[in-house]
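Listed below are the residues making up each chain.
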Amino acid sequence: MRSLGGVGVDGNCGKLTFGKPELEWFLSHFVPLAIVMGLISLLWNVALAYYHTLRAPGKTRLVKLGEIIQTSIVSCVVITLFSVSLTPLTELDRETQNKVPLSVQELYHRTRQYHISNSYGLFRSMTGVGGRPEVVLEGSDRHDRDWQEFEFLYKPGDLSRSPPVVTPHQPRLDWQMWFAALGSYNYNPWVINLAYRLLNNSTNVNKLIKHNPFPDKPPKFIRALKYRYHYTKFGNKTRDWWTRDSQEEYFPPLALYQPTLKEFLDYHGYTKPLQEQHVDKSIIPYMGIIRAVVDKTDPVVFIWTLCLAAFLPHFKALRFRFSLFGI
């Protein structure tokens, strides 16, 4: 066996033997190097900003003073953001994280609630090669028949519905339903809580559902089935976008009168009152107004409208530049 930079190579079959020790060795060298390179790049750009501000021709001292103050404020904000990001970045290597100053770590924990910076995660493998696993919720007033499906806003469900464009929006519930399909409800107890809320006809939960087949009165039973979805093949005469294969029952029919349902929710703490979070209550009325407006708008249309509005000023600037060259 030969070694290439800490990575073992089996000469007989050419197989890489990259294990956990090699990964830890790589991260212990790469993470500090990434921090140093990022710091050098940051300081270089700050120095350039001051240089261009001071060397700008044709400006009065008062204007330059204002620009220096503006550059100083922006530089302080950027350096603060860089410092805050060090703690989640160094989670890749604990030894490097221990070397981060305590004051910087404290700054991260104080601002953590604002989600300014987050740790990095990587999927070890991607699903969907053999079909996309999906959990489908169904409701009925009978224990053994007449099941009707709940349709979510974004995730695959109705076979005839095309996949919606959601980027850059991240639909939280639909995203978590995909994770739930990768395991069982024992590892995703919130799915049972979701069914419980639908059995109680929760208004807030119903807002997260595209189509509730029981709009006036909640069903008596809810169950979940697991399917594997596939795209229909090109040239198929059907108008459906998907085909699906039934896999298994994800969880059996649930009803409010079942004592095991309440015991399950009690065990996982879903029946406890929510702890009051420290928030600025002065903005709650304004957030309610914004939520009321957003609820009347399609989420995808709303997100892309905001993106388009942000891009329009840049589009006008590009159009002006092109007009200078007669384009």
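Before reading on, note that the structure itself is shown above.
J.: Even after reading the chapter, I still don't get the packing of helix 6 (residues 190-199) against helix 8 (residues 259-267), so can you show me in this structure?
T.: Packed helix pairs are specified by the crossing angle of their axes together with the interaxial distance, meaning the distance between the axes. Between helix 6 and helix 8, whose axes approach to 10 Å, the crossing angle comes to 125°. Viewed along their axes, helix 6 and helix 8 adopt a mutual orientation that is oblique. At the point where helix 6 passes helix 8, the crossing takes the left-handed sense. Facing helix 6, whose interface residues are Ile-192, Asn-193, Tyr-196 and Leu-199, helix 8 presents Leu-261, Phe-264 and Leu-265. Residue classes in the contact of helix 6 with helix 8 are distributed as six nonpolar, one polar and no charged.

J.: What exactly am I supposed to notice about the nonpolar core here?
T.: Across soluble globular proteins, nonpolar side chains show a tendency to be buried alongside one another. Counting residues in hydrophobic clusters, the biggest one holds 26 residues, and the most contacted among them are Leu-137, Leu-194, Leu-198 and Phe-251. For this core, the secondary-structure elements that each account for two or more residues are strand 4 (132-140), helix 5 (172-181), helix 6, strand 8 (221-231), strand 9 (242-254) and helix 8. Examining the composition of this core, we find that seven residues originate from one element, helix 6, more than from any other. Not counting residues up to four positions away in its chain, the partners in contact with Leu-198 are Leu-137, Phe-150, Val-205, Asn-206, Ile-209, Pro-218, Pro-219 and Ile-222. The next biggest cluster of nonpolar side chains, apart from the first, holds nine residues, and it includes Leu-42, Val-46, Leu-86 and Val-104.

J.: Explanation requested: the environment of Val-165 in the structure shown.
T.: Note that Val-165 resides in the loop between strand 6 (151-152) and helix 5. Placed eleven residues apart in sequence, Val-165 and Tyr-154 show a C-alpha to C-alpha distance of 8.6 Å. If we skip the residues at most four places from it in the chain, Val-165 touches Val-300 and Trp-304.

J.: Looking at this structure, how should I read the pairing of strand 4?
T.: Regular strands place their side chains on alternate faces of the sheet. Burial of strand 4 is extensive: eight of the nine residues sit out of reach of the surface. As paired strands, strand 4 and strand 8 are joined by nine bridges and run antiparallel to one another. By the bridge assignment, Leu-137 is partnered in strand 8 with Ala-224. One ladder, built from two bridges, connects strand 4 with strand 5 (residues 148-149); its direction is antiparallel. The residue of strand 5 that forms the bridge with Gly-139 is Gln-148.

J.: Even after reading the chapter, I still don't get the pattern of salt bridges, so can you show me in this structure?
T.: Side chains bearing opposite charge may pair, as long as their charged atoms lie close to each other. Scanning the entire structure with this criterion turns up nine salt bridges. A salt bridge links Glu-149 to Arg-244, with the nearest nitrogen and oxygen atoms 2.6 Å apart. Residue Glu-149 is found in strand 5, and its partner Arg-244 is found in strand 9; the two are separated by 95 residues along the sequence. Its salt-bridge partner being Lys-262, residue Asp-266 comes within 3.0 Å of it at the nearest N-O pair. Residue Asp-266 and its partner Lys-262 are located together in helix 8, separated by four residues, close to a single helical turn. The partly exposed category is assigned to Asp-266, whose relative accessible area is 32%. When salt bridges with common partners are traced through the structure, they connect Arg-132, Glu-134 and Lys-155 into a single cluster.

The rules we used
- The written sequence of each chain sets the order in which its residues are numbered from 1.
- For this predicted model, a pLDDT threshold of at least 70 governs which residues receive local features, and a threshold of 80 or more governs which side-chain atom pairs are given and counted, while totals over whole chains, interfaces and linings are taken from all residues.
- Think of the side-chain values as coming from all heavy atoms in the structure, minus any hydrogens and water.
- Geometry is summarised by axes, namely lines fitted to C-alpha atoms with helices restricted to the contacting stretch, and by angles between N-to-C directions that run from 0 to 180 degrees.
- To qualify as a helix, a DSSP run of H or I must reach at least 4 residues; to qualify as a strand, a run of E must reach at least 2; elements of each kind are numbered from the N terminus.
- By definition in this entry, angles of less than 35 degrees are roughly parallel, angles greater than 145 are roughly antiparallel, angles of 65 to 115 are roughly perpendicular, and the rest are oblique.
- Note: crossing handedness is left-handed where the near helix turns anticlockwise from the far helix by less than a right angle, and right-handed where it turns clockwise.
- Contacts are residue-level and defined by heavy atoms, with any inter-residue pair within 4.5 Å sufficient.
- Nonpolar residues are Ala, Val, Leu, Ile, Met, Phe, Trp, Tyr, Cys and Pro. Charged residues are Asp, Glu, Lys and Arg, and all others, Gly as well, are polar.
- We define the nonpolar core as a collection of buried residues of types Ala, Val, Leu, Ile, Met, Phe, Trp, Tyr and Cys that are connected through side-chain atoms lying within 4.5 Å of one another.
- For the exposure calls, accessible area comes from a 1.4 Å probe over protein chains only, and a residue counts as buried if that area is under 20% of its type's maximum, exposed if over 50%, partly exposed in between.
- For two strands to be treated as a pair, DSSP must find at least two bridges joining them.
- Throughout this description, the term salt bridge denotes a Lys or Arg side-chain nitrogen within 4 Å of a carboxyl oxygen of Asp or Glu.

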